[in-house]
Protein chains: 2
Amino acid sequence: MTIQTAVEQLRTLLGDRLSTADSVRDLHGRDESWHPDVLPDAVAFPQSTQEVSEIVKICAAQGCPIVPWGVGTSLEGHALAVKGGISLDMTRMDRVLEVHAEDMDAVVQPGITREALNEHLRATGLFFSVDPGANATLGGMAATRASGTNAVRYGTMRDNVLALEAVLADGRIIRAGSRARKSSTGYDLKALLVGSEGTLGIITELTVKLWGTPEGISAATCAFDSPEGAVAAVIQTIQMGVPMARIEYVDEWSIGAVNAWAKMSLPEKPHLFVEFHGTPEGVKEQAAIFGEIAAEHGGGDFKWTTNAEERAKLWHARHNFYYAGRALRPGCRGISTDVCVPISRLAEAVIEARRDMQAAGLTGGLIGHVGDGNFHAGLYFDPEDPEELVRVKEVAAKLARTALRLGGTVSGEHGIGVGKKAYMEAEHGEALGVMAQIKRTLDPQGILNPGKMLDLN
Amino acid sequence: MTIQTAVEQLRTLLGDRLSTADSVRDLHGRDESWHPDVLPDAVAFPQSTQEVSEIVKICAAQGCPIVPWGVGTSLEGHALAVKGGISLDMTRMDRVLEVHAEDMDAVVQPGITREALNEHLRATGLFFSVDPGANATLGGMAATRASGTNAVRYGTMRDNVLALEAVLADGRIIRAGSRARKSSTGYDLKALLVGSEGTLGIITELTVKLWGTPEGISAATCAFDSPEGAVAAVIQTIQMGVPMARIEYVDEWSIGAVNAWAKMSLPEKPHLFVEFHGTPEGVKEQAAIFGEIAAEHGGGDFKWTTNAEERAKLWHARHNFYYAGRALRPGCRGISTDVCVPISRLAEAVIEARRDMQAAGLTGGLIGHVGDGNFHAGLYFDPEDPEELVRVKEVAAKLARTALRLGGTVSGEHGIGVGKKAYMEAEHGEALGVMAQIKRTLDPQGILNPGKMLDLN
């Protein structure tokens, strides 16, 4: 019972769709996180659910770890084969199987990226909403319960996956959920698998919600004198029931970084980047209400646009803050924290994070999906300077503790992977034991993405 | 190890908050469903989470079933002690523990009813949205993943429970979720417990989303020439992104029943009952768009109102269709079916249901939360006529099969209880085995609400 035997049997099953080449293993041994590279023993490229099931059965018989792989955009090392074994590259299962325009849903394979899906949908007037910035695969996004800038309006992967098919650790193929918009029949296994980071099953098909492309879209940047003013404006806007499509906080440091990176010239002050979706009339009304609220809290310097190209530029810049930050300091790497707190505690959390960063002498910025109470500190460090990495990790840990103290969570959208396991007990207490019971029941050998999310004894 | 010993030990623990009086057992032996009454051996009235945990430990040691009880409004026998044991009446745990107006959430005990919570919130400008018609407890609503008329806009219990506390079958107390609006940390145990019908844990605390009371509300009834026209109008309205607060289908039979019951005088044709929430301007715009769409599909006879009292009357009538139907035939009982299908298949499902009812010679009506694709057939029968009940059950079973064939679910919101267990395998296939594995892991003795949802070997 060895990984080597599994690899040999998989080669017989898959032929040249099983690779042990260094270059291929290398590509599947790193993600976008700060975690060290780890190469899998081999990479398998399945083409069907049935094949995934057969692969899993071979690996189960040999006790060989299986690590699902999308496009490697994880920020927490989810797809690294830290216990060796097979990287299961799902990108050859990337088809759109069905689009039901009347029902506003689509059935897709897990290897499709969100941009490819939206390209496919272009003529339908519908779009898939979840947008974590990276052009991730839908399977990876479901596995990490991803969200992003427009979750405040359209929800996270939790809300947008209607149904899924998955292969369990013994090769069983199950379906959970349906195309019906709601159901009260049995345990919500779909919700259990979404966010399970490949540790309970391998997602082989997804049915996702689609949304109507809004007739009217308007975006703006708005500068504030203080983080408190910006956050107060967010709270009031949400409470008024203004259906914001995006409402993003960007601190002055990040504005400086993005001005340099994207050749923009925004005032170096805390900002909100906002977007409104609706009928043209509705968008105008929303924008007017937001403008009044912002002004009450010291917001000004509005730059409005309804032009698609300018909006694309704005959100492209927003999505690339992490890289803009890194560009300020060539050769550095970064950690992106990801806490989420009740919105009433947001200003407190943001200010504490900034103070902690300054006290530790770190450079970096704060940005966030503040409509959800979720924000990221981009903390940069010299990979050759282990002492600086220690300070970065200390600030990240402090921020996680702050979030828990304020009634929040240590990860709003990036997930646990290998990077945040240390916080699971503090966040979940006794419930962590229940998670471990479920994991042991469904994967008694621990072959599905071992070393992620939970450490089992 | 007997139920009798458990009852004696519980009497020592709870004093007069443990009752074996016939009158008390009788009140906890019937719900609003058609299922036969079954009396529990005793009724316990806990006052705290700690006490629930102690009760569960005593029952676990004695192998005594525990059946959580709210106010007994289940339509599928969820709260009946079909295997004997203790009815756990949660209504003395009915306090609002915290209201966070800025965060738009509230922390409550499970025994509070939705009307009591909304009464408590009145001065805040916020409301709790989920409205299944019955004035159920929030614990019961979470356990059955309830929804109702406004789920199309505000979501179901699945969407509105942010966090919960539960006592498991061994007395452990766990917390799942937090007041943060989203999280990617670990398995979604909150989603696993919501809809688990008391079979995995007893919910002892809930954190729920609140919503801002809209400035503008407008409601209308609109008559159509055919069910197809009404459903086509619904589909187009949803696709246009009009944020309907309610959009309910009512067939001509039900209109007749409600005209008699509520002394209304609506034309006896298929209707949509709709409600719009938003700014006064927004509501006007939504109503105008809906009016145009309805007219395109043969909708007319609009009756609009923005008056709160008239709206209350309208929705009171809507919520009482089941009783209105029963009133047409004194002494009858009823079964309410509850399928939910993709909206594109809704007209087909509704027409097939109507045909099956007519072919079986049954009286009854069809009503539904059609924005979600969810509808109910109210099927009435003479409790003294077993042959008529057989025909009712046959039509209900046919309708369940139709829903599955059309890609839907056998229950949109009522749940499984004892009434729909027979359909679980057809709906879930292999996944039913996974549900059973989870149940056995978390409740190996099967003491939590046995005989509901799943039959274990």
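Residues numbered from 1 in each chain as written. Chains lettered and ligands numbered in written order. Predicted model: local features only at pLDDT ≥ 70, side-chain atom pairs only at ≥ 80, totals over all residues. Heavy atoms only, no water.

The name given to chain A in an unreviewed UniProt entry is D-lactate dehydrogenase (cytochrome), and the organism recorded there is Albimonas pacifica. What UniProt states about chain A under its Cofactor (unreviewed entry) heading is, verbatim, "FAD". For the record of chain A, the UniProt heading Sequence similarities (unreviewed entry) holds the text "Belongs to the FAD-binding oxidoreductase/transferase type 4 family." (UniProt positions renumbered as here; feature names shortened; annotations may be inferred.)

### Digging into the relation of the copies chain B and chain A
Between the two copies of this chain, the relationship is a rotation about some axis together with a displacement along it. The two copies are related by a screw operation: chain B maps onto chain A through 180° of rotation and 0.0 Å of translation along the axis, at an RMSD of 0.0 Å. Taken together, the rotation and translation relating the two chain copies correspond to the operation of a two-fold axis. Looking at the interface residues of chain B, 100% of them are also at the interface in chain A, so both copies use one shared face. (Least-squares fit on C-alpha atoms with pLDDT ≥ 70 in both. Contact = heavy atoms within 4.5 Å.)

### Digging into the sheet that holds strand β9 (residues 173-177) of chain B
Residues and elements named next belong to chain B. In spatial order, the strands read β5-β6-β10-β8-β9; together these five strands make up an open sheet with antiparallel pairing. Here the strands that pair on one side only, and so sit at the sheet edges, are β5 (96-100) and β9. Across the sheet, the mean angle separating the axes of adjacent strands is 15° when strand polarity is ignored. Relative to strand β10 (residues 201-209), strand β8 (residues 161-168) runs antiparallel, the two sharing seven bridges. Within the sheet, the bridge partner assigned to Ala-163 lies in β10 and is Thr-207. (Pairing = 2+ DSSP bridges. Helix = DSSP H or I, 4+ residues; strand = E, 2+ residues; numbered from the N terminus. Axes fitted to C-alpha atoms, helices over the stretch in contact; angles between N-to-C directions.)

### Section: helix α4 (residues 114-121) of chain B
All names here are of chain B. Every buried residue of α4 is accounted for by Arg-114, Leu-117 and Leu-121. Summarising the axial view, the buried residues of α4 lie within an arc of 60°, below the 170-degree limit, and thus occupy one face. Those residues of α4 that are buried lie in contact with β5, β6 (105-108), β7 (126-127), α5 (138-143) and β10. (Buried < 20%, exposed > 50% of the residue type's maximum accessible area, 1.4 Å probe, protein only. Arc of directions from axis to C-beta.)

### Section: the pattern of salt bridges
Working definition: two side chains of opposite charge can pair if their charged atoms are close together. Tallied over the entire structure, the rule returns 58 salt bridges over all chains. The partner of Arg-114 of chain B in a salt bridge is Asp-131 of chain B, and the shortest N-O contact between them spans 3.1 Å. You can see Arg-114 of chain B sitting in helix α4 and its partner Asp-131 of chain B sitting in the loop between β7 and α5, a full 17 residues away along the chain. Judged by relative accessible area, which is 10%, Asp-131 of chain B ranks as buried. Here the salt bridges share partners, and the residues they tie into one network are Arg-114, Glu-115, Asp-131, Arg-246 and Glu-275 of chain A. (Salt bridge = Lys/Arg side-chain N within 4 Å of Asp/Glu carboxyl O.)

### Section: the interface of chain B and chain A
Where interface size is given, it is often the accessible area lost as the parts come together that is meant. Counting residues at the interface gives 78 residues for chain B, matched by 78 residues for chain A. A buried area of about 6,100 Å², summed over both sides, lies between chain B and chain A, and 55% of it is on carbon and sulfur atoms. Among the residues chain B hides against chain A, the three largest losses belong to Arg-158, Lys-182 and Tyr-187 of chain B. Together they make up 16% of the total. On inspection of chain B and its partner chain A, the count reaches six salt bridges. Among the ionic pairs, Lys-182 of chain B bridges to Glu-413 of chain A, the shortest N-O distance being 3.1 Å. Taken together, chain B and chain A are joined by 40 residue pairs in polar contact (both at pLDDT 80 or more). Sorting the residues of the side of chain B that touches chain A by element identifies α7 (157-160), β9, α8 (189-193), α9 (227-239), α11 (280-296), α16 (424-428) and α17 (431-442) of chain B as the ones contributing at least two each. Considering every element that reaches the side of chain B that touches chain A, the biggest residue donor is α17 of chain B, with nine residues. Taken together, the residues that form the side of chain B that touches chain A break down as 29 nonpolar, 29 polar and 20 charged. (Buried area = accessible area lost by both parts, 1.4 Å probe. Polar contact = N/O pair within 3.5 Å; in protein donor to acceptor, adjacent residues only side chain to side chain. Nonpolar A, V, L, I, M, F, W, Y, C, P; charged D, E, K, R; others polar.)

### Structural notes on the pairing of strand β9 (residues 173-177) of chain A
Residue and element names in this part refer to chain A. Sheet topology places strand β8 (residues 161-168) next to β9; five bridges connect them, and they run antiparallel. For Ala-163, the partnering residue across the bridge sits in β9 and is Gly-177. The hairpin formed by β8 and β9 contains four residues between the paired strands, and Gly-171 there has a positive phi angle of roughly 95°.

### Quick look at the domain arrangement of chain A
All names here are of chain A. Each assigned domain of chain A is listed here: domain 1 (3-91), domain 2 (96-212) and domain 3 (216-406). Centre-to-centre separation of domain 1 and domain 2, based on C-alpha positions: 22 Å. Buried surface at the junction of domain 1 and domain 2, both sides included, amounts to about 1,300 Å², of which 72% is carbon and sulfur. Among the residues domain 1 hides against domain 2, the three largest losses belong to Thr-49, His-78 and Met-90. Together they make up 36% of the total. Linking domain 1 with domain 2 are zero salt bridges. In this assembly, domain 1 and domain 2 are joined by three residue pairs in polar contact (both at pLDDT 80 or more). (Domains from an automatic or database assignment.)

### A word on the sheet that holds strand β18 (residues 374-381) of chain A
Residue and element names in this part refer to chain A. Read across the sheet, seven strands follow the order β15-β12-β14-β13-β17-β18-β16 without closing on themselves; strand pairing throughout is antiparallel. Here the strands that pair on one side only, and so sit at the sheet edges, are β15 (300-305) and β16 (333-336). Averaged over all adjacent pairs, the angle separating strand axes in this sheet is 15°, with direction ignored. Seen against the sheet, helix α9 (residues 227-239) touches β13 (244-250) and β14 (271-278) and runs at an angle of roughly 165° to β13. Running over the sheet, helix α15 (residues 386-405) touches β16 and β18 and is turned about 170° from β18.

### Remarks on helix α3 (residues 49-62) of chain B
Over its 14 residues, α3 of chain B extends 20 Å from the first C-alpha to the last, a length consistent with the 20 Å expected when each residue adds 1.5 Å. Of the residues one or two after α3 of chain B, Gly-63 of chain B is the one with positive phi, at around 60°. (Expected span 1.5 Å × (residues − 1).)

### Points about the UniProt feature "domain: FAD-binding PCMH-type" (unreviewed entry) in chain A
The sites that UniProt annotates as "domain: FAD-binding PCMH-type" (unreviewed entry) are residues 36-213 of chain A. Taken end to end, residues 36-213 of chain A is 23% helix and 26% strand, and its first and last C-alpha atoms sit 40 Å apart.

### Here we look at the packing of helix α1 (residues 3-14) of chain B against α3 of chain B
Residue and element names in this part refer to chain B. Two numbers describe how α1 lies on α3: the axes approach to 9 Å, and their chain directions differ by 155°. One finds that α1 runs roughly antiparallel with respect to α3. The interaxial crossing formed by α1 with α3 has right-handed handedness. Residue-level contacts link Thr-5, Ala-6, Gln-9, Leu-10, Leu-13 and Leu-14 of α1 to Glu-51, Glu-54, Ile-55, Ile-58, Cys-59 and Gln-62 of α3. Per-class residue counts for the contact of α1 with α3 are seven nonpolar, three polar and two charged. (Parallel < 35°, antiparallel > 145°, perpendicular 65-115°, else oblique. Left-handed = near helix turned anticlockwise from the far one by under 90°.)

### A look at the confidence of the model for chain A
Scored by pLDDT, chain A comes out at a mean of 95, with 100% of its residues at no less than 70. Here the prediction assigns the complex a pTM of 0.96, and the interface score ipTM is 0.96. (pLDDT = per-residue confidence, 0-100.)

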